[in-house]
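This is what each chain is made of:
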Amino acid sequence: MKATRIILLLAPFCFLKVEDTTAINPCCYYPCQNKGICVNVGKEDYECDCTRTGYYGVNCSLPSFWSRVHTLLKPKPSFMHHLLTHYKWFWDILGSISFLRDSIMRYVLTARSNLISSPPTYNSDYHYLSWEGYANVSYFTRLLPPVPKDCPTPSGTLGYKELPDVKKLAEEFLLRRTFIPDPQDTNLMFAFFAQHFTHQFFRTDFKRGPGFTKALGHGVDLSHIYGSTLERQHHLRLFKDGKLKYQVIKGEVLPPSVKDVPIKMNYPSTLPEEKRFAIGHDTFGLVPGLMMYATIWLREHNRVCDILKEEHPTWSDEQLFQTTRLILIGETIKIVIEDYVQHLSGYNFKMTFNPELLFSEHFQYRNRIAVEFNHLYHWHALMPDSFNIKDQEFSYEEFLFNTDILLNFGTEALVEAFSKQRAGRIGGGKNIHRNVLHVAIGAIEHGRHLRLQPFNQYRKWFGLTPYKSFQELTGETEVAARLEELYGHIDALEFFPALLLEAPYKNAIFGESMVEMGAPFSLKGLMGNPICSPDYWKPSTFGGQKGFNIVNTATLQKLVCLNVKKCPYVAFHVPSDADIDSEEGKREPSSEL
């Protein structure tokens, strides 16, 4: 099959407009539909591997009978989103019937997780399956292989040979003019949790390149609390009763200083040494919100150690430490699914963390972080214009590396302040503060370096209908016209900018693609943790029934309120009238597990 015939075969699927194709790699046209894999044959030919796609034909475009039935019956994501975010009475009834609730949750977990390749397939150096791509965990994995290097344009064959200037692109479409609050009432407590939680596995190794990671655990391992190396962990440990080192200042238990724990932390040289906290993650001294969470988790670790020590007085320091770490991993996953993801989704269906739902399924308890997930999670639009704590306003310059905020106000005050300040909307564009715009610019640059496939190719992979125009993507005429001027074709639009420019769902924090692409990565990563496997998920793993109960009853509110003197208002959303009413009866921290 020669290149001219390739165009005739592919034109119905790719809308090609290329004049000279004699030297073009045929895989640059993305000829293989429905997750078929393009393989070069000779110099000008190709074939599509349609194995287990449910499709056949030269380009994997002809559905089997059951694929046709599945496509016909599958509801659109927009319909499902509407259903899940409305009709609360219906979901309350379903939630009260345990076997129906569990069946729905099992379907959610399997349907989402099955979209993520496991074991991993590609990385930034191997666009084909290889042992190195599988075994070398210093790479981020990839969902889709890179755009072939010999394609005529950065997107393959469509669009222009040069992509828009990245800084001008970010300033025109992503830079905030006026703060746009999130309509889901998301607060800064959520924003800092997102940053704190994800940076245990989003740790790009910039010295080696944006395709490499320093987080070799590739998941929820709490390396941001305990350190990513054994040496760092040992510096942070007290080596008594399983506990971590700490200091007490003005009656507050806080992380130790770098004077007492000589580990590398990124602080400005002007900050006095005694004000530099030693934390598992070397950049968490950046903002008080991250230091606040580091403090809460430090206290939680030592609190759980006390419980285990009382329950098991003969245990060694090592067993107390290791078991406590497993308990905190379980607490983290439960809080992420039942508080964090629940809020983010806006669903009326109540999600539950129950690993046993997957024990009868074919499920792999190993996760690898994909570079696309790393890019998708750049949610810096959450950050406000300034930070308000007890009637004091802090600019970015005053907020960054300011450990005095934690020292002077205390953990409870920060929790309450961040819980009551609204975060920004992520989707829709033009909502990233200038002080963090450089991070978005870096994400776009890294996407280009990694040759990420165009946005619509990812839409196809996740079973979403590709956008036919910039107008359909953004819902705005002027923005759409300008994007078309810069990119030339909707199928040339880059992955990360498209996620932020997609029109959000009504009254939602972002749009369809962020939900449908982010959820599979997230749920696979959470439920693929070893503690969720049949051999781990049992009371003995967590020191017995008492430790198992700590995991199974964990909530954001308990995490905070069991580790402060007086329980403040704490949630991932700004308080409603009902929250304010209930807050009047603030309780002291409970002694319950």
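Preceding block: the structure.
Rules used in this analysis
Residues numbered from 1 in each chain as written. Predicted model: local features only at pLDDT ≥ 70, side-chain atom pairs only at ≥ 80, totals over all residues. Heavy atoms only, no water. Helix = DSSP H or I, 4+ residues; strand = E, 2+ residues; numbered from the N terminus. Expected span 1.5 Å × (residues − 1). Buried < 20%, exposed > 50% of the residue type's maximum accessible area, 1.4 Å probe, protein only. Contact = heavy atoms within 4.5 Å. Polar contact = N/O pair within 3.5 Å; in protein donor to acceptor, adjacent residues only side chain to side chain. Salt bridge = Lys/Arg side-chain N within 4 Å of Asp/Glu carboxyl O. Disulfide = S-S within 2.5 Å.

K.L.:
Got a sec to walk through helix 11 (residues 288-311)? Specific residues and values, please.
P.N.:
With 24 residues, helix 11 ought to run about 34 Å at 1.5 Å a step, and its terminal C-alpha atoms sit 35 Å apart, in line with that. Most of helix 11 sits inside the fold, with 20 of its 24 residues counted as buried.

K.L.:
Go over the environment of A440, please, and point to the residues and values.
P.N.:
Relative to the helices and strands, A440 resides in helix 17 (residues 437-449). The exposure class of A440 is buried, given its relative accessible area of 4%. Distance in space between the C-alpha atoms of A440 and I531 is 34 Å, their sequence separation being 91 residues. Sequence-distant contacts of A440, that is, excluding residues within four places in its chain, are made with L174, I432 and F496.

K.L.:
Break down the environment of C60 for me, citing the residues and quoting the values.
P.N.:
For C60, the location among the structural elements is in the loop between strand 3 (55-56) and strand 4 (62-63). Given the relative accessible area of 0%, C60 is considered buried. With residues up to four places along the chain from it excluded, the contact list for C60 reads Q33, N34, G36, C48, D49, C50 and Y55.

K.L.:
Help me get a handle on the side chain of H196, residues and values and all.
P.N.:
Positionally, H196 belongs in helix 8 (residues 188-198). A polar atom in the side chain of H196 sits 3.5 Å from the side chain of H224. The residues contacting H196, other than those within four sequence positions of it, are H224, F284, L290, Y293, A294 and W297.

K.L.:
Let's hear about the pattern of salt bridges: which residues, and what values?
P.N.:
This structure, assessed with the given rule, holds 21 salt bridges. For R176, the salt bridge is made with D385, and the minimal N-O distance between the two is 2.8 Å. Taken together, the residues span a long stretch of sequence, with R176 in the loop between helix 7 (166-173) and helix 8 and D385 in the loop between helix 13 (371-376) and strand 7 (387-389) at a distance of 209 residues. On the basis of relative accessibility, which here comes to 9%, the residue R176 falls in the buried class. For D185, the salt bridge goes to R422, with nearest N and O atoms at 2.7 Å. Placement of the pair is D185 in the loop between helix 7 and helix 8 and R422 in the loop between helix 16 (411-420) and helix 17, with a sequence separation of 237 residues. On the basis of relative accessibility, which here comes to 28%, the residue D185 falls in the partly exposed class. A single salt-bridge network, built from bridges that share partners, covers E172, R482 and E485.

K.L.:
Would you mind going over the state of the cysteines in detail, with residue names and values included?
P.N.:
Inspection of the entire model under this criterion finds five disulfides. Two residues, C28 and C151, share a disulfide whose sulfurs are 1.9 Å apart. Judged by the sign of its S-S torsion, about -95°, the bond between C28 and C151 is left-handed. Placement of the pair is C28 in the loop between helix 1 (3-14) and strand 1 (37-41) and C151 in the loop between helix 6 (131-135) and helix 7, with a sequence separation of 123 residues. Like C28, the residue C151 is buried in the burial classification. With its sulfur 2.0 Å from that of its partner, C50 forms a disulfide with C60. Residues C50 and C60 are joined by a disulfide whose S-S torsion is about -90°; by sign, that bridge is left-handed.

K.L.:
How would you explain the side chain of S419 if you had to name every residue and give the values?
P.N.:
Tracing the backbone shows S419 in helix 16. We classify S419 as buried; its relative accessible area is 0%. For S419, the side chain forms a polar contact with the main-chain oxygen of Y569, separated by 3.5 Å. The residues contacting S419, other than those within four sequence positions of it, are N187, M189, Y569, V570, A571, H573, V574 and P575.

K.L.:
Please set out the environment of E502 residue by residue, giving values where relevant.
P.N.:
Relative to the helices and strands, E502 is located in the loop between helix 21 (495-501) and helix 22 (512-527). Residue class for E502 comes out buried when judged on its relative accessible area of 0%. Distance from E502 to M265, taken between C-alpha atoms, is 37 Å for residues 237 residues apart in sequence. Within the local environment of E502, its side chain forms a polar contact with the side chain of S513, the two groups lying 2.8 Å apart.

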